[in-house]
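# Summary of the model geometry
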Amino acid sequence: MLTTISMIAALVMLAAVVVTKILTVELLAAHHRRYARLQDLLNATRGDLRAEMTRHAGVERERRTFEHKRHRLNVRTAHATERIGLYEFDDSCRSAHFDLLTSHLVER
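Below, the structure is looked at part by part.

Definitions and cut-offs
Residues numbered from 1 in each chain as written. Predicted model: local features only at pLDDT ≥ 70, side-chain atom pairs only at ≥ 80, totals over all residues. Heavy atoms only, no water. Helix = DSSP H or I, 4+ residues; strand = E, 2+ residues; numbered from the N terminus. Rg over C-alpha atoms; globule rule 2.2 N^0.38 Å. Buried < 20%, exposed > 50% of the residue type's maximum accessible area, 1.4 Å probe, protein only. Lys, Arg positive; Asp, Glu negative; His and termini not counted. Charge placed at Lys NZ, Arg CZ, Asp CG, Glu CD.

From N to C terminus, the chain includes one helix and zero strands. Relative to the 2.2 N^0.38 estimate, which gives 13 Å for 108 residues, the radius of gyration of the chain is 46 Å and therefore markedly larger than a compact globule would have. Residues counted as buried form 0% of the 108 residues belonging to the chain. Treating the 17 positive side-chain charges of the chain as one cloud and the 13 negative ones as another, the clouds have centres 15 Å apart.

This next bit is on the environment of Arg-94. Mapped onto the fold, Arg-94 is located in helix α1 (residues 2-107). Separated by 59 residues in the primary sequence, Arg-94 and Tyr-35 place their C-alpha atoms 87 Å from one another.

Moving on: the environment of Asp-48. As for its position among the elements, Asp-48 is in helix α1. Judged by relative accessible area, Asp-48 falls into the exposed class, the value being 57%. Taking C-alpha positions, Asp-48 is 18 Å from Glu-60, a pair spaced 12 residues apart along the chain.

Here it is as structure tokens:
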């Protein structure tokens, strides 16, 4: 009878080991599936991030180009205004000089 009980106990322990191994393999497979799904999500998110960074770089480049063009336009406008001011100053100087000469001649 002792050998029968020990054989039954050995079979029960063997069954427990087999069940534990099956459960471990199933849990590991579930973990791998979850990990693969998370990796796919991570790769998709990285792709979206790369696309957004590329778009952002283009927008920044466009903004810098616009600012540079605006600066150049402001510089040209300032130079043109300065030239106009010089022409006006030159005209006023000539006018004052002419007035001074004519007033001198009129006084004589």
